[in-house]
Amino acid sequence: MTFTAAEQAAMARALELAATPGVPMVADTRRVGCVLLADDGTTVAEGYHRGPGTPHAEADALARAGEAARGTTAVVTLEPCHHTGRTGPCTEALVAAGVRRVVFAESDANPVAAGGRARLEAAGIEVEAGLMAAEADALAGVYRLAQREQRPFVTWKFAATLDGRSAAADGTSRWVSGTAARRDTHRLRARCDVMLVGTGTVEVDHPRLTVRDDEDRPVEHQPLRVVMGERDLDPNHGLDLHLRTRDPRAALADLFGRDRQHVFLEGGPTLAAAFLTAGLVDEIVVYVAPMLLGAGRSAVGDLGITTIGEALRPRVTDITVLPGVDGEEPNVRLTLTPTPVTPRPRNERHT
Ligand code: AOF
Ligand code: ZN
């Protein structure tokens, strides 16, 4: 595999484009980015997939390049598709535009869309694969889990004080985390297509669950705002959907049925505990604030754990310090991957 320095830089950029927040990703749609390079390594055009039914990344870049696409190298995060899905095949668009070379990060394992490489080569286009494949694979993690498990990927996010509390004894919680952490949360929310909370959180916090940008404006593609739980709610709760179920698996099945790929679980402690004990949390994001409360609601409810040997021990995948804004203290963001939970009957836990 030989890639030029310009192609490597272009792939890094294509991955960034693919990860553009706010893009709705449902069911079988993928995050894909594409950069068209001229012979001298300069960028002719960029493109990315903006969700179901919109042009694929390659088609988007080609449209922006127009005639200038002829003779370029297309650097794409995914193998160009060779099927007519919601839009036409990227292979044919690349051939028709006169692209000379295609570099992609990972093969498309979707049998419906596969075959792109062979088709491009048959048309005389030079094809190289595998550039930054690991990074592309990490980006595709959510899609892959959703396809494999036939349920959405679940990110559980919470903010906590040093003593693991998310609210004070009187219920007040604004704010535990600082400005930078709250902005960061909106960025993470924008990657998801469902915002999920329990009925308790709706009653206490009346959350809007809208995703806003750094200037506090709502982003264009809002996730579906869902509350779950059997309790009746004031019909003016203002969210999009009330799932009247207590079983996390049933809720996820329902959301997958609505073509959703990525759930952002934001509380409260009861719902978080239910998802954790069911082994249905795929990623944990926690913002730790240098604050002590000593009493008040803990970030997660009873997990049925009575002895230290039973503790859940998620693995840490990232630690980032979020600097304080306007004299605030910094916060720490931990990203973790839960380790498998072996569900046991409740009575066994107390023996
Ligand atoms: C590409 N470039 O930008 C994307 C691709 O029915 P559709 O059109 O939404 O097709 C979805 C499938 O197409 C998806 O599962 C994946 O295999 C491929 N996505 N392919 O060449 C893109 N988004
Ligand atoms: Zn395509």
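Residues numbered from 1 in each chain as written. Chains lettered and ligands numbered in written order. Predicted model: local features only at pLDDT ≥ 70, side-chain atom pairs only at ≥ 80, totals over all residues. Heavy atoms only, no water.

**Digging into the domain arrangement of the protein chain**
Item 1. Looking at the protein chain, the domain boundaries give domain 1 (5–139) and domain 2 (150–348).
Item 2. When the two sides are added together, the surface that domain 1 and domain 2 hide from each other amounts to roughly 780 Å², 49% of it contributed by carbon and sulfur.
Item 3. Considering only the surface of domain 1 that becomes buried against domain 2, Gly22, Met25 and Ala27 emerge as the three largest contributors, covering 50% of it.
Item 4. Where domain 1 touches domain 2, the interface holds 0 salt bridges.
Item 5. Residues of the side of domain 1 that touches domain 2, tallied by class, amount to 6 nonpolar, 2 polar and 2 charged. (Domains from an automatic or database assignment. Buried area = accessible area lost by both parts, 1.4 Å probe. Salt bridge = Lys/Arg side-chain N within 4 Å of Asp/Glu carboxyl O. Nonpolar A, V, L, I, M, F, W, Y, C, P; charged D, E, K, R; others polar.)

**With respect to the sheet that holds strand β3 (residues 73–78)**
Two modes of strand pairing occur in sheets, parallel and antiparallel, and in both the strands are linked by backbone hydrogen bonds.
Item 1. An order of β2-β1-β3-β4-β5 is seen for the 5 strands of this open sheet, with the pairing classed as mixed. The sheet terminates laterally at β2 (43–48) and β5 (126–129), the two strands that pair on one side only. Along the sheet, successive strands turn relative to each other by an average axial angle of 15°, direction set aside.
Item 2. Judged from the 4 bridges that link them, strand β4 (residues 101–106) and β5 form a sheet pairing that is parallel. From the neighbouring strand, Phe104 faces β5, where its bridge partner is Ala129.
Item 3. Seen against the sheet, helix α1 (residues 5–18) touches β1 (33–37), β2, β3 and β4 and runs at an angle of roughly 145° to β1.
Item 4. Across the sheet, helix α2 (residues 57–65) touches β1, β2 and β3, and the angle it forms with β2 is around 140°. (Pairing = 2+ DSSP bridges. Helix = DSSP H or I, 4+ residues; strand = E, 2+ residues; numbered from the N terminus. Axes fitted to C-alpha atoms, helices over the stretch in contact; angles between N-to-C directions. Contact = heavy atoms within 4.5 Å.)

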